[in-house]
Amino acid sequence: MPTKRETFPIEFRGGLITNMSPLQQGINMPGSARVLRNYEPSIEGGYRRIEGYKKYDTDIIPPYGAPVVRGASQTGTSLNIANIRQTPVAGDTLRVTQATAQTNNSATAVVNGATSSTTAVVLDGNIGTIVVGMVVTGSGISGTVTVATVTDQNNIVLSSAQSLSNDVSLSFAAPDALNTTHILDNIAGTVTAGMDVTGTGVPSGVTVSSFSGSTATLSQAVSLSDNVELTFSEVYTISSGAVTFDGAANTANLTLTSSLLASPLNGATVKFESTTSNYLTLGVGVFVDDVIVAKNQSLYKTSGTGYSLVNVPAYGTVLVNGASQTGTTLDIDGLTSTPQAGDVFKIAGVDLIYTVASTPTVSSGGTTATITPALASSPADDAAITFLSTSRESASKTRFSRYNYSGTEKIAIVDGTNVPALYDRTTFTALNDAPSDVVGADFVVSFKSQLFFAKNNLVTFTAPFTDSDFTAANGSGVISVGNNVTGIVVFRDQLIIFTESTIQKLVGNTVSDFQLQPITLDIGCIDEDTIQEIGGDVMFLAPDGLRLLSATDRIGDFGLAVVSKTIQNETTSFIRDNTSFTSLVIREKSQYRILGFKTGLTQENAQGILGTQFAGQGGEDMAWAETRGIRAHVADSRFYLGVETIVFSNDDGYLYQLEDGSNNFDGVNIVTTFSTPFMPISDPRIRKTFYKMFLYTDPQGSVSFDISLKLDFDQKDSVQPTKIDFNNQTGQVAFMGQATYGSTAVYSTKLKTLFETQLIGTGFVVSLQFTSDSADPPFSLDAITLEYGTNTRR
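If you're wondering where the values come from, they're calculated on a predicted model, not measured in any experiment.

A word on the overall build of the protein. A tally of helices and strands in the protein yields two helices and 62 strands. Across its three principal directions, the C-alpha atoms of the protein cover 115 × 75 × 50 Å. Within the protein, the proportion of its 794 residues that are buried is 51%. Restricting the contact set of the protein to residue pairs at least 6 apart, pairs at least 24 apart contribute 64%. Per element, the accessible surface of the protein, about 32600 Å² overall, is 47% carbon and sulfur. Across the protein, the 48 positively charged side chains and the 74 negatively charged ones have centroids separated by 13 Å.

Structure, rendered in structure tokens:
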């Protein structure tokens, strides 16, 4: 009996659904997915392969604070360092700054007194620094003349005798801007062969071949401007079992596997480049065009090119108060606030680094501080004191809140242990005078131009339009919410306060009319870092899955729909298989992501769930998918000045940026799977023969993937057709910014968006499975049509 060919169109929409039986899903929602991994339901239609991520900063997040060399004249394989907040371990590598200098490519001066066939010249009117090796030019200079000796900047010796008139202007310059040889001045420390060289205009991998006088010969020719700051350093490895750490003094004695190339200066920078142990990043917060990162006992900021310490206290212009001081006490003045036990500082002219042993009492800007160790020498009266860091010991998960009360962007910081802190990109202020109900707060948020801190069952707020005034008479206050707070978020004109079993709202404007009102006393949030506002709703993880807190049409009323019912099994296993969670919002995609973390879980097995919100409000139109390969312990996102920055971190030492146009997971291919339901098409009891398929896509570049037909529920011993390989490239295609000059790629070549292929297979129900393992650009799968013929009824 001849077959009649028919066409079955399928629009890909609905996302991952796993709470329906296979046949029900295939009948009612053929465009949904029974597997949807590393695809996202797109607000532009179809399922789009997710974007990748790359390192936000190629440096590792500093693991131990901002350590410095403690004491000059150190040699050999021993190195004592200070301002270190946690013990290093054997096998760690560290870079020690051993010298700094400036390039000295030019200078000018005027001849002070005529010369007649002599090499000695007296100068005045100097601009810049004259050093040996510079080429000298000017009226009366004959031949190639260089500086042979510099007695001082007003008395030099030339390489050959010259006759020069009085007041003749002379120019002094390095031999060649593009050269292996460069003249240096303002040298601090010792430059020697083998050191790495960094600075503006210096490519990576440049080292010092030799150094003599003030002339450095580099390993390759480099073009450097005048007065470029150069740093000379070397990487060392800590020997096995060779670390002595003093947590009270914040110092460590290290034994290195190789000797120091030279003696570094006291206070020289020590930068750890790798660690043997993994350390969890405790928090990340996007702040203007920086990212604040919390790790171990310290806070850092980065704009993508290196990290700098944030927790550096500002106590005023602090000076030594009186000469001839010795021992373990130090009189200081110029204080605007109180130094704290554990603060690390250095004293101008004194060759050691010191730690405040106990918090002193300050009176009229002065105090006598107990310090460790004892003074190495007596500092001069009014010698400057520079604080290097303040303690953030034993911090746990660190959370942030951005605000602006006075025209200056600020960020508030809490970590569950220490006093809260404020930072404005310049000044770090620890709220050392905060009340005990605020010290060790877990959460902070800005609401009604006041900071609200949550600790245990208490919510404490500052006076209006302040971030540090806890005076009740000025409008500060404390509210008990009955149970321990698990999260707070501002929603419209209310502060929503979550516990594990309740949700309450704080309404009003000031302490005079604040009211705490219940939303529900039966449902709460079980994980603090899953609360996010998305599309006018608030998503959070409840005991029974992901819920949306939604305002309804009734004034003061809320909806609390469980929006993850369609993926209840995945949600349950996701919660079970991970020990902590973080979340973020991708605003331009109306997308919520919750990412799981478990120590020891590999990157390829790291789990996440993403949901795209298609309706304006409510959870009825949430479409879900799974992620694999985004291993995040903490994450944050912010939309600022038209740019959305999305970052996350785990315990591998790096900060990563999502949604930055990357096509892979920091160099690792993105593995994807999308499987449609098993579709009976018209009748599950009639056998179909499949002849042809048309796939509609929206690629952003050249992509390749496989499609497999899975027939009759892919049961054991069933015969399945061979997979089909797809590639949308019709020629060598070039994309703007990716083609190289001289290549044969052409911009006019087009990509396939419609795939047509013959099919082989017969069955009662069919599922299509799309897989890829590549670093191709993202692409969307929009729709598909199957051409088939019906056969006999079973």
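On we go.
Below, the discussion takes up the side chain of Asn 83. With respect to the helices and strands, the residue Asn 83 is situated in strand S7 (residues 78-84). Side-chain polar atoms of Asn 83 contact the side chain of Ser 389, separated by 2.5 Å. Not counting the four nearest positions on each side in its chain, Asn 83 is found in contact with Tyr 64, Ala 66, Pro 67, Val 68, Asn 250, Val 344, Leu 388 and Ser 389.

Counting through the fold element by element, Thr 689 comes out in strand S56 (residues 686-699). The residues touching Thr 689, leaving out its near neighbours within four places in the chain, are Gly 761, Thr 762, Glu 787, Tyr 788, Gly 789 and Asn 791. Side-chain polar atoms of Thr 689 contact the side chain of Asn 791, separated by 2.7 Å.

Summarising the element assignment, Asn 38 is placed in the loop between strand S2 (35-37) and strand S3 (39-41). The sequence separation of Asn 38 and Ala 434 amounts to 396 residues, and the corresponding C-alpha distance is 45 Å. With residues up to four places along the chain from it excluded, the contact list for Asn 38 reads Arg 48, Arg 49, Ile 50, Glu 626, Thr 627, Arg 628, Phe 665, Ile 670, Val 671 and Thr 672.

Here strand S48 (residues 580-586) lies mainly inside the structure; seven of its seven residues are buried. Every second residue of S48 is oriented toward a common face, with Ser 580, Thr 582, Leu 584 and Ile 586 on one face and Phe 581, Ser 583 and Val 585 on the other, all of them buried. As defined by bridge partners, S48 adjoins strand S49 (residues 591-597) across seven bridges and the pair is classed as antiparallel. Looking across to S49, one finds that Phe 581 is bridged to Gly 596. Adjacent in sequence and paired antiparallel, S48 and S49 are bridged by four residues, among which Ser 590 carries a positive phi angle near 50°.

Here the focus is the sheet that holds strand S32 (residues 399-403). Across the sheet, which stays open at both edges, the four strands sit in the order S32-S33-S34-S35 with antiparallel pairing between neighbours. Of all strands in the sheet, those bounded by a partner on one side alone are S32 and strand S35 (428-430). Mean inter-strand twist for the sheet, computed between neighbouring axes without regard to direction, equals 20°. With three bridges joining them, strand S34 (residues 421-423) and S35 adopt antiparallel strand pairing. Bridging from a neighbouring strand, Tyr 423 pairs with Phe 428 of S35.

The linkage connecting Thr 372 with the following residue, Pro 373, adopts the cis geometry, with an omega of -5°. Locating Pro 373 in the fold gives a position in the loop between strand S30 (367-372) and strand S31 (385-389). A positive phi angle, near 55°, is found at Val 288, a position not held by glycine. Of note, Val 288 is situated in the loop between strand S22 (281-287) and strand S23 (290-295). Here the phi dihedral of Asp 382 falls at roughly 70°; this positive angle occurs in a residue that is not glycine. Along the chain, the position of Asp 382 falls in the loop between S30 and S31.

By size, the foremost hydrophobic cluster in this structure holds 62 residues, and its most contacted members are Phe 705 and Phe 770. The contact partners of Phe 770, leaving out residues within four places of it in the chain, are Phe 12, Tyr 39, Thr 672, Thr 673, Phe 674, Leu 695, Phe 705, Asp 706, Ile 707, Leu 781 and Ile 784. Counting residues in each nonpolar core, the second largest holds 20 residues, with Ala 107, Ala 109, Val 131 and Met 134 among its members.

Once their charged atoms are close, side chains differing in charge can pair, the charge on each being opposite to the other. Using the criterion set out here, one finds 32 salt bridges in the structure. Measuring nitrogen to oxygen at the nearest pair gives 2.7 Å for the salt bridge that ties Asp 493 to Lys 448. One end of the pair, Asp 493, is in the loop between strand S40 (485-491) and strand S41 (494-499); the other, Lys 448, is in the loop between strand S36 (443-447) and strand S37 (450-455), with 45 residues separating them in the sequence. Asp 706 is the partner of Lys 723 in a salt bridge, and the nearest nitrogen-oxygen pair spans 3.4 Å. Of this pair, Lys 723 sits in the loop between strand S57 (704-711) and strand S58 (724-727) while Asp 706 sits in strand S57; the two residues are 17 residues apart in sequence, bridging distant segments of the chain. In the salt-bridge network here, residues are joined through shared partners; they are Glu 40, Arg 48, Glu 51, Lys 589, Arg 593 and Glu 659.

Here we come to the sheet that holds strand S12 (residues 145-152). Strand order around the closed barrel formed by six strands is S9-S10-S13-S12-S11-S14, with antiparallel pairing between neighbours. Between one strand axis and the next, the sheet turns by 50° as a mean value, whatever way the strands run. Pairing of strand S11 (residues 135-138) with strand S14 (residues 169-173), which is carried by four bridges, proceeds in the antiparallel orientation. Looking at S14, one finds that Thr 137 is bridged to Ser 171.

Here we come to the environment of Gly 125. Residue position: Gly 125 is located in strand S10 (residues 115-127). A relative accessible area of 52% means that Gly 125 is categorised as exposed. Put simply, Gly 125 and Glu 659 are 534 residues apart on the chain and 57 Å apart in space, counted from C-alpha to C-alpha. Sequence-distant contacts of Gly 125, that is, excluding residues within four places in its chain, are made with Thr 108 and Ala 109.

Let us look at the packing of aromatic side chains. Throughout the structure, instances matching the rule amount to 32 aromatic pairs. For the pair Phe 345 and Phe 387, a centre-to-centre distance of 5.6 Å together with 45° between the ring planes defines the contact as tilted. Of this pair, Phe 345 sits in strand S28 (residues 344-347) while Phe 387 sits in strand S31; the two residues are 42 residues apart in sequence, bridging distant segments of the chain. Residues Phe 345 and Phe 387 agree in their burial class; the two are buried.

What follows concerns the side chain of Arg 70. Here Arg 70 is to be found in the loop between strand S6 (65-69) and S7. Asp 246 provides the closest opposite charge to the buried, unpaired Arg 70, separated from it by 7.3 Å. At 2.9 Å, the side chain of Arg 70 forms a polar contact with the side chain of Asn 80. The residues touching Arg 70, leaving out its near neighbours within four places in the chain, are Asn 80, Ile 81, Ala 82, Thr 251, Asn 266, Leu 352, Ile 353 and Pro 373.

Criteria and cut-off values
Residues numbered from 1 in each chain as written. Predicted model: local features only at pLDDT ≥ 70, side-chain atom pairs only at ≥ 80, totals over all residues. Heavy atoms only, no water. Helix = DSSP H or I, 4+ residues; strand = E, 2+ residues; numbered from the N terminus. Buried < 20%, exposed > 50% of the residue type's maximum accessible area, 1.4 Å probe, protein only. Contact = heavy atoms within 4.5 Å. Areas by Shrake-Rupley, 256 points an atom, 1.4 Å probe, with all protein chains shown as cover. Lys, Arg positive; Asp, Glu negative; His and termini not counted. Charge placed at Lys NZ, Arg CZ, Asp CG, Glu CD. Polar contact = N/O pair within 3.5 Å; in protein donor to acceptor, adjacent residues only side chain to side chain. Pairing = 2+ DSSP bridges. Axes fitted to C-alpha atoms, helices over the stretch in contact; angles between N-to-C directions. Core = buried A, V, L, I, M, F, W, Y, C linked by side-chain atoms within 4.5 Å. Salt bridge = Lys/Arg side-chain N within 4 Å of Asp/Glu carboxyl O. Phe/Tyr/Trp six-rings, centres within 6.5 Å; stacked < 30°, edge-to-face > 60°.

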